[in-house]
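In case you want the letters, here they are:
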Amino acid sequence: MLVLQSIILGIPQGALYGLMGFGIALIFRSVGTMNFAHGNAGMVCVFVAFSVFTATGSIILSILCGIIVGFLLGVIIDKALMGPIKHLSHAGMLMITLGLLMIFEGAAQLIWGTDYQQFPELLRGEPLIMRLGENKLIMPLNDLLITAVAVAVSIIIALYLKYAKLGIATRARAQDPIGAKVVGIDTNMVDSLVWGIGISISVLVGILIAPKTYIHPGMMGNMQIYGFTAGVLGGFESLFGAIAGGLILGILEKLVGAYISPDYQLSIVLIIIIIMLAVKPSGLFGKKSSGRV
Amino acid sequence: MLDIKDVTVKFGGLAAVKEMNITVEKGKIHSLIGPNGAGKTTLFNVITRVIQPVSGRVSFKGDELLGLRAEDIIFRGVARTFQNLQLFQGSNIYDNIYSGWVHNYTKGMLSLAAGKHLAFGKDARDKIHAVAELMQISGMLKFYPAQLSYGVLKRVEIARALISDPQLLLLDEPAAGLNMDETSELNDILVKLNRDGKTILLVEHDMNLVMKISDRITVMNFGAKIAEGNPVEIANNREVIKVYLGDDEDAAS
Amino acid sequence: MKKFVYLAVIGLVLGLLFISESFMLMIFSSIIIFGIAALGLNILNGYTGQVSIGHGAFVAVGAYVTSVMSMNFHTPFILNILVVIVCAGLLGFLIGLPALRLKGFYLAIATMAFGVAIQQLFAAIHIFGGHGGLYGIPRLIKSEFGMYLFNLGFFILMYFIADVITSSPVGLKYRMVRDSETASKAYGIKLSSVKLNAFVVSAIYGGIAGALYAHTITYISPADFGLGLSINLLSMIIIGGMATLEGGLIGSVIITGLPFLFSRTKVPMSIIIGALIIIFVLFFPRGLSYGLKMAFLKYLQMPLVWFRKLRARRAKRDGDWVEVNGKKIFYTSRGEGKPIVMLHGNLGCGLWYSRVMDLPGYRTIALDMVNFGRSDRIKDSEMSSYALYLRGFIEKLGFKDVFLVAHSLGGAVAMEMAFDAPELVSRLLLIDPCPIDGLHTPEEHYPFLELYKSNPRMLKKSLLAIAPHIGDMKFLNSLTDNAYLMNRDSFIAHPRGLDKVNLTERAKSFKKPVLVVAGAEDILINREMAEATADALGGSVLILENIGHSLMVEDPDLFKEVLLNFDE
Amino acid sequence: MLQVEDLKVNYGHIKAVKGISFYLKKGEIVSILGANGAGKTSTLFGLGGIVKREGSVFFKEENIPSSASVKSAKMGLILCPENRRVFPELLVEENLRMGSFARGEFKERLAFVYELFSKLKERRTQTAGSLSGGEQQMLAVGRSLMSDPELLMLDEPSLGLAPVIVDELFRVLVKLKDKMTILLVEQNALKALKISDRAYVLQNGNIVHSGTSAELLADESVKKAYLGM
Amino acid sequence: MKKLVKGLFVAVLFCAISAAVFAGGEQEAVTGVTEDEITIGTFQAMSGPVASIGVPVANGLKAYFNHVNANGGIYGRKINLIIADDQFNPGKTTVEVKRLVESDGVFAMVAGLGTPGNLAVMDYLNESGVPFVYQASGSSRLAVPPKEFVFPVQPNYLVEGNVMVRYLAEEKKAKRIAIVYRNAEDGIEEYESVKNAIKLYDSKLVEAIAIDPTATDFATEINKLNAAKPDAIIVMLFNPQTPPFVKQAKQYGITKPTFLLSYPNAAVTFMVLAEEAAEDVECMSWVDVDFTDADFEPFQIYAETHGEGEIPNAFAVAGMVAAELFVEALNVAGPTLTRDSLVKALESFKDWNGALGKGISYKTYNEADNTCRLGKQSMYVLKVKEGVWVRHADWIYYAD
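Residues numbered from 1 in each chain as written. Chains lettered and ligands numbered in written order. Predicted model: local features only at pLDDT ≥ 70, side-chain atom pairs only at ≥ 80, totals over all residues. Heavy atoms only, no water.

S.K.: Any chance you could explain the overall build of chain C here in plain terms?
M.R.: Regarding its fold elements, chain C presents 24 helices and 10 strands. Expressed as lengths along the three principal axes of its C-alpha atoms, the size of chain C is roughly 100 × 55 × 40 Å. The buried share of chain C, reckoned over its 568 residues, is 62%. Partitioning the contacts of chain C with sequence separation of at least 6, the portion at a separation of at least 24 is 77%. Of the roughly 20,800 Å² that chain C leaves accessible, carbon and sulfur atoms contribute 62%. The positive charge centre, built from 51 side chains, and the negative charge centre, built from 43, are 10 Å apart in chain C. (Helix = DSSP H or I, 4+ residues; strand = E, 2+ residues; numbered from the N terminus. Buried < 20%, exposed > 50% of the residue type's maximum accessible area, 1.4 Å probe, protein only. Contact = heavy atoms within 4.5 Å. Areas by Shrake-Rupley, 256 points an atom, 1.4 Å probe, with all protein chains shown as cover. Lys, Arg positive; Asp, Glu negative; His and termini not counted. Charge placed at Lys NZ, Arg CZ, Asp CG, Glu CD.)

This is the structure in structure tokens:
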């Protein structure tokens, strides 16, 4: 019973991890930058959404604003910071994103303070309860929504990448930048677009977990670590690996929590990453071990 | 000195090198030429143990090389240079040349406490100055690679390969990117090295250079040897001309 | 060795200055401790090129091991530190193993995961005090000053060890692995063992820092050693300077020290540190230590330059001024008889001939050319302009048939003038002159020439290099002083001008006797250049053993002998 | 059609192209010949805006700035790069669709390309990475043709191909001649000269010979440039 | 030249040493006290994750001291409060407190925030003889063993655990009690106390769950809790964790049992964050304040500094209690203020009642007497009714 309930609890959590990992993998695969500021970029925009919400009281408007600001932030990061350093080493890009991570945290502290802010749940009401004899399985409505949104967003982006002209161009640019240039794809524009979409996804994740974690400057810290883990587990080379990796992670985490101890949840998960990276850096669903390293 | 027997290399089912046979004789300059994608660099990488062939044997002075790893090759007296300069950008020229010798320091960390490295460094210094003198880069030892011209850096690469006093020198396109003067200086250097008893295996596109200094030339195309001989023979070989210039008969018609 | 003495003394003085304010000593201690950890990270990241954002874990291991041991078993510190070294080293080895297969971003993720995992494990294990951490860790030395000195001592020791390692063959191997794995392999470097070595060494540094931290602050908790610390350590070496020994300490001054300045304001530190990281990566990738070094070379010795100039101006020199085209030219004259005019080289003045002025039967005249010494400055630094002023000078003094002696750059001026007005010159003695077709200075030397302007020590060294047998250091010192009287623009303009010299054509019509003298040990003008110059002028060559670039200061008697022989 | 003046391309220290000038008239096939490392690919990369360059390039009387790959592609100055550079994980048809990214009517051009290379039509739902070398080369050429090029720059299209396929490829090039101007970089000099009107010979980043194909075929200097004799 | 440098160097060294020797020479009569000013210090998390507690505590302190200063100070002396930000990081606390004592020369410390920080500096302050009045921490180690210069006020978690069990067993008749607690020193202390106290009654501890202080999702824990079927749940969590815990627990169907929260949660913030899940939740409290009464005098004092209509939250009230107690002690100590006279004054407090703090007692210092520095030992219970905390049960005392 505990197993089943843990799995059910793990799915929404895992869906969020997967979505986070998806955003990170999207940027990494297309542009070649592992964005260590992914979570905090989302966090800042969630604060923006929060400000809009307090000013207007409209959830829809605030979410829209947050996501749009997230998109713009992504574009700005690409144009202002990543553009000039595309030639730099990976270490250089890594440090820039680490710097951004700190700046976002500091900026949020400066502008919005360190208080925990409340953001409403998108769906309220009685949780879904399934009775199985003596026991019952519970799934709160908001978790259901989270899962649905995560799945929907991944499907939309998958369709976009598969069929839209710009989507194909994004994949093309990832596979061969020179080939993309010679057919006239504006690789700079594609990069900005990818950054925009990536950060928007992070904002969405932030908004979805906000009712649970509340809004504060450190809200996305662990989420980002889980996002990386999801990416590593599923393999950064395949976008949907990240989603699957996230789900596995979410369920695994709940099982560890239930059967070993919640204290070891994070450590065990992280040790999994290290082992995974050492044994099969391409992830569970990655095709090859080479690629961008 | 170096015997390559029936070496075949495949990349994803495609044969990049097919049953190659080359024998490099001691004290000779042996050149390996052929158009892009002919498999020269692949063969080079087999010798330097970067790539494992599917079959075949590579022996150097009678010892089998294929069982070794890339980092063991230098200990056997085989040193190489790289086509697109693999200098250590963060070290000055002195240390760059030193790095061709430092593999001989095999003691552990605790030996540092005993100061063993100091004597090693002192020995190395004389060698470095001697090689630098030979390659005419004595004045540049304190500079970093980014401060020097491409021609000088190419010489640094050769110096680094020379310091361990290898018996076989593998040079990967040493003339690529050099201007006429630099190429002619390189020409002199190679001839001098050869005169001093170094065996050289050269992969090179600059046909002027190859024809001038080679004792023997092997021509490759599509992973296979199509001709071998001295420069004059090669220059007049129909196959070679066809590879380089295209289908002769076609042109004539 | 000097470095370590300086470090110790500066540290001691700082400690003494703040002895009454022990919180400052505590801040200094923290700076030093994180400096040690950053030094270790620099060995891994700066020297070996292996990114790590989990370095806080090693610091944590050091801190927890020593705390648990000393609190529960009351073991002596010396034993603790040995256990810390073993534990941290082992842990470094463990994370090093998977890291062997990883590079760049993947390595960053793995180390980050490792760092957070270790932090979480410490938080979860009861004996380590859980999230609350441990407090009341015994201090090794009661007084804050003592503790500071203890930490300082450790820092200097660790700094010394890092210095030995990085300058040894092992350090060279680190750098080889960092710069090119392909080439390292080809030159016999076992990548895995070098990387593991760096991981272990670096981890030990972290562990030692952690142990010192625990005994200094006396309170540790997992939160102190999280991702934040790891990023901070990385920031230290980025801001301080990658692959430099002092970078970690400089970075630590900023990253550890700065927050205490802001602790009573509301400015979040992370925004400042984050901005610093980005600024440094984008604009100053070599970090503050490089910046400080350059500033030291460029500006810090400026007072010395002024002092030397002043001393040169004040020094007693007998002589007269002649005005040519409105510019005063200073010269020294000695003896009576056949006139000999002596021209100095770049960075020189008449003083270079002071040891050879006494020639019986001759009137020797050594002048400071315009732009040099005590003569006036002119706008450009062209050889042809100097030649014009020289001609004016000779005409003003009313000489005809002058015996012209010229050194180095002066050689170019002398030739230029002699070809313009052959009637004024009877014979030409050229000491290691600028070659007839110019002297090329590689572009890479110019930044150094730029530095000579403001760094007397480097200038003195280079003068010594062109006059290796000068012997008398006082004389060298005064030559250095006088070199600073030269027009500042000329430091760069002269080599550029010499590069452009080409007198081969004009030399053909010159028919007077010429002797070119060159030192066998000259590093500027070699035998071939001297011969080519002599050939072009139809003169003869004399190569002197055991002489460098400057015969008249290196062996005055030989100079006189050569001169007299030539005049016969 | 194309006027190039004093084109220079540098990679850091290395001067790959040292100031060359040449032109193409509408409807011509012009070859650039030369040994490996002579600067041919760099020339095309400079023209196509892939790398930074100096010097002026006029295409259809309009100045093309450096690094303007999007602009030149939109104007119909299309590069078919060396080593194919197809998108390995995209389907053949997706690759072709990307070919018409900047210009060209997708459906109409697709029909044209499929007609030209019927092999590609058979393989259109395969990923490009699963094609053989020759098929990939056809895909690369096909992809360039998708954008309805006015000037097509082909970089070593015969590289690594078996002779039969090379022949086929050159037949296609001849067919295309009346539809577009072609700038051909080839190692297979005799073959290239056979189909081109004029040619330039590059050596060490400089143009050392130029002339009509017939002149160059008769000239020993081409042989020298290649064989160093 | 070299000689010159060396000479200069020796001179500098000499100056430095003499400066070091003479710096401490001149001492004031009483550190931090002048004719017209008393300098005191406090450390608060003004930034970082715990700033939501640190900032209001500081606001409470400021409000009360401003009020005192505006009314002429104490025996003509104004109070000058220096607030050091330690970001709830004990490493920083140590340095900041040293700075306050050694560099700023404070007379006393008032209201340090946080168990880790307080534990890290209490010995140092005690050894330095700096009176340390009020710690915003419930750790019993501040009071036991007693330290001469350390005066805790808040009831500690040993007391709270005991009182909670007594309340649940005696008044609520709960048979199956569960506890969730922070997996940190303070949480464990309370858990141990609950475990011991429950033996006195006819109740059972059915589940005890430790919660990682950084966790945000409690699904697993709630799952376990649900299985235990408790009548009452003691929640020993702090601000960012309590509301989501209660919220999630109710979402997952735990609606019937009583939730009894630890006293740091007795604030409006809980209601704001927990929203409707807050209803009927009970909470321990030790400051007797009616937050709905805007005319209450301390609220007026608070509004003087922070603006009309501003009402302090529980943490601000804690700050004000600290200030109130400290000011009272200064008054008792009289015009010739020394550290010893302050200690004497505090030791004279017997069940002292201020406007906010009630029932605070100390005894003359005696290292063997564990009760001489206990401060407060009784608590009462609040309950959320229609979105406000309402007094629910009367003072409950420690049960042996």
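S.K.: Is there a simple way to think about the domain arrangement of chain D in this case?
M.R.: Interface size is often expressed as the accessible area that is lost when the parts come together. Residue and element names in this part refer to chain D. Taken as a whole, chain D is organised into domain 1 (1-73 + 151-163 + 181-229) and domain 2 (77-148). Each of domain 1 and domain 2 has a C-alpha centre, and the two are 23 Å apart. Contacts between domain 1 and domain 2 engage 18 residues on the former and 16 residues on the latter. Both faces combined, the contact of domain 1 with domain 2 buries some 1,500 Å², and carbon together with sulfur accounts for 65% of it. (Domains from an automatic or database assignment. Buried area = accessible area lost by both parts, 1.4 Å probe.)

S.K.: Help me understand the pattern of salt bridges in this model?
M.R.: When their charged atoms lie close together, side chains carrying opposite charge are able to pair. Here the structure, examined in full by the defined rule, presents 60 salt bridges over all chains. For D472(C), the salt bridge identified is with R355(C), shortest N-O distance 3.6 Å. Taken together, the residues D472(C) in the loop between α18 (456-466) and α19 (473-483) and R355(C) in the loop between β5 (338-343) and β6 (362-367) connect sequence positions 117 residues apart. The class for D472(C) is partly exposed, based on a relative accessible area of 36%. Its relative accessible area of 26% is what places R355(C) among the partly exposed residues. Each of K162(A), R171(A) and E94(D) takes part in a single network of salt bridges with overlapping partners. (Salt bridge = Lys/Arg side-chain N within 4 Å of Asp/Glu carboxyl O.)

S.K.: I'm lost on the side chain of T111(C) in this one. Help?
M.R.: Tracing the sequence through the fold places T111(C) in helix α5 (residues 104-124). When neighbours within four sequence positions are excluded, T111(C) is seen to be in contact with V51(C), S52(C), I53(C) and G54(C).

S.K.: Even after reading the chapter, I still don't get the domain arrangement of chain C, so can you show me in this structure?
M.R.: For chain C, the assigned domains read domain 1 (21-226) and domain 2 (317-438 + 502-567). Between the C-alpha centres of domain 1 of chain C and domain 2 of chain C the distance comes to 63 Å.

S.K.: I keep staring at the packing of helix α10 (residues 227-240) of chain C against helix α13 (residues 287-300) of chain C and nothing clicks. Help me out?
M.R.: How two helices pack is summed up by the angle between their axes together with the distance between the axes. Residue and element names in this part refer to chain C. Where α10 contacts α13, the two axes come as close as 3 Å, and the packing angle between them is 25 degrees. Taken together, the axes of α10 and α13 are roughly parallel relative to one another. Packed against α10, whose contacting residues are I238, I239 and G240, the element α13 presents G287, L288 and S289 at the interface. Residue classes in the contact of α10 with α13 are distributed as 3 nonpolar, 3 polar and no charged. (Axes fitted to C-alpha atoms, helices over the stretch in contact; angles between N-to-C directions. Parallel < 35°, antiparallel > 145°, perpendicular 65-115°, else oblique. Nonpolar A, V, L, I, M, F, W, Y, C, P; charged D, E, K, R; others polar.)

S.K.: For this particular structure, what's the right way to read the side chain of D95(B)?
M.R.: Structurally, D95(B) is set in helix α2 (residues 93-98). Given a relative accessible area of 14%, D95(B) falls into the buried group. Other than its neighbours up to four places away in sequence, D95(B) contacts L172(C) and R175(C).

S.K.: Even after reading the chapter, I still don't get the state of the cysteines, so can you show me in this structure?
M.R.: Disulfide: a covalent bond formed between the sulfur atoms of two cysteine residues. Residues and elements named next belong to chain C. Scanning all chains against the criterion turns up 0 disulfides over all chains. In this structure C349 is a free cysteine whose sulfur lies 20 Å from that of C434, the closest cysteine sulfur available. Of the residues examined, C349 reaches a relative accessible area of 0% and is grouped as buried. (Disulfide = S-S within 2.5 Å.)

S.K.: I tried to follow the packing of helix α5 (residues 150-162) of chain B against helix α6 (residues 180-195) of chain B on my own but got confused; where do I start?
M.R.: All names here are of chain B. At a minimum axis separation of 10 Å, α5 and α6 run at an interaxial angle of 15 degrees. With respect to each other, α5 and α6 are oriented roughly parallel. When you trace α5 past α6, the crossing you get is right-handed. Contacts between α5 and α6 pair G151, R155, I158 and L162 from the former with E182, E185, L186, I189 and L193 from the latter. (Left-handed = near helix turned anticlockwise from the far one by under 90°.)

S.K.: Would you explain the sheet that holds strand β2 (residues 78-85) of chain E in this entry?
M.R.: Residue and element names in this part refer to chain E. With parallel pairing, the 5 strands of this open sheet are ordered in space as β2-β1-β3-β4-β5. The open sheet is flanked by β2 and β5 (150-151), the only strands paired with a single partner. One ladder, built from 2 bridges, connects strand β4 (residues 132-136) with β5; its direction is parallel. Residue pairing in the sheet places V133 in a bridge with F151 of β5. In the packing of helix α4 (residues 115-128) onto the sheet, contacts are made with β1 (37-44), β3 (108-113), β4 and β5, and the angle to β4 comes to roughly 165 degrees. (Pairing = 2+ DSSP bridges.)

S.K.: I tried to follow unusual backbone geometry on my own but got confused; where do I start?
M.R.: Trans peptide bonds make up most of the peptide bonds, and negative phi angles are found at most residues other than glycine. Residue and element names in this part refer to chain E. Geometrically, the link from V144 to P145 is a cis peptide bond, its omega value of -5 degrees lying close to zero. For P145, the position within the fold is in the loop between β4 and β5. Look at E275: it is not a glycine, yet its phi comes out positive at around 55 degrees. The topology assignment puts E275 in the loop between α9 (268-274) and β10 (282-285).

S.K.: Which parts of the structure should I look at to understand the sheet that holds strand β2 (residues 14-24) of chain D?
M.R.: Backbone-to-backbone hydrogen bonds pair the strands of a sheet. The strands run either parallel or antiparallel. All names here are of chain D. What the 4 strands build is an open sheet, ordered β2-β1-β4-β5; its pairing is antiparallel. The outermost strands of the open sheet, each flanked by one partner alone, are β2 and β5 (62-63). By the bridge criterion, 2 bridges tie strand β4 (residues 54-59) to β5 in an arrangement that is antiparallel. Within β5, the position partnered with F58 by the bridge is N63.

S.K.: I would appreciate a short explanation of the interface of chain B and chain C in the present structure.
M.R.: Counting residues at the interface gives 32 residues for chain B and 27 residues for chain C. Both faces considered, chain B and chain C share a buried interface measuring about 2,500 Å² in area, 68% of it formed by carbon and sulfur atoms. Sorting the residues of chain B by area buried against chain C places E71(B), F88(B) and M109(B) first, and these three jointly supply 23% of that buried surface. There are 1 salt bridge connecting chain B and chain C. Among the ionic pairs, D95(B) bridges to R175(C), the shortest N-O distance being 2.9 Å. One can count 8 residue pairs in polar contact (both at pLDDT 80 or more) joining chain B with chain C. At the level of secondary structure, the elements contributing two or more residues to the side of chain B that touches chain C comprise β6 (78-80), α2, α4 (116-134) and α5 of chain B. Here the element with the most residues in the side of chain B that touches chain C is α5(B); it accounts for 3 residues. Partitioned by chemical class, the residues of the side of chain B that touches chain C number 16 nonpolar, 9 polar and 7 charged. (Polar contact = N/O pair within 3.5 Å; in protein donor to acceptor, adjacent residues only side chain to side chain.)

S.K.: Got a minute to help me understand the environment of Y167(E) in this structure?
M.R.: Residues and elements named next belong to chain E. Assignment of secondary structure puts Y167 in helix α5 (residues 157-171). Separated by 227 residues in the primary sequence, Y167 and D394 place their C-alpha atoms 10.0 Å from one another. Apart from the residues within four sequence positions on either side, Y167 is in contact with K172, L260, E282, V381, H392, A393 and I396. Side-chain polar atoms of Y167 contact the side chain of E282, separated by 2.6 Å.

S.K.: Would you explain a nonpolar patch on the surface in this entry?
M.R.: On the surface, I60(A), L64(A), I68(A), L72(A) and I76(A) cluster together into a nonpolar patch covering about 510 Å² of accessible area. Take I68(A): it is sitting in helix α3 (residues 59-82). (Patch = residues over 30% accessible without salt bridge, like charges linked within 9 Å, V, L, I, M, F, W, Y side chains within 5 Å.)

S.K.: Just checking my understanding: could you explain the pairing of strand β9 (residues 514-519) of chain C for this structure?
M.R.: All names here are of chain C. In terms of burial, β9 is a largely internal element, 6 of the 6 residues being buried. Neither face of β9 is open: one carries V514, V516 and A518, the other L515, V517 and G519, and all of them are buried. Sheet topology places β9 next to strand β10 (residues 540-544); 5 bridges connect them, and they run parallel. Counterpart to L515 in the pairing with β10 is S540. In this view, the connection linking β9 to its parallel neighbour β10 by way of helix α22 (residues 527-537) has right-handed handedness. (Right-handed = clockwise from strand over helix to strand, strands pointing away.)

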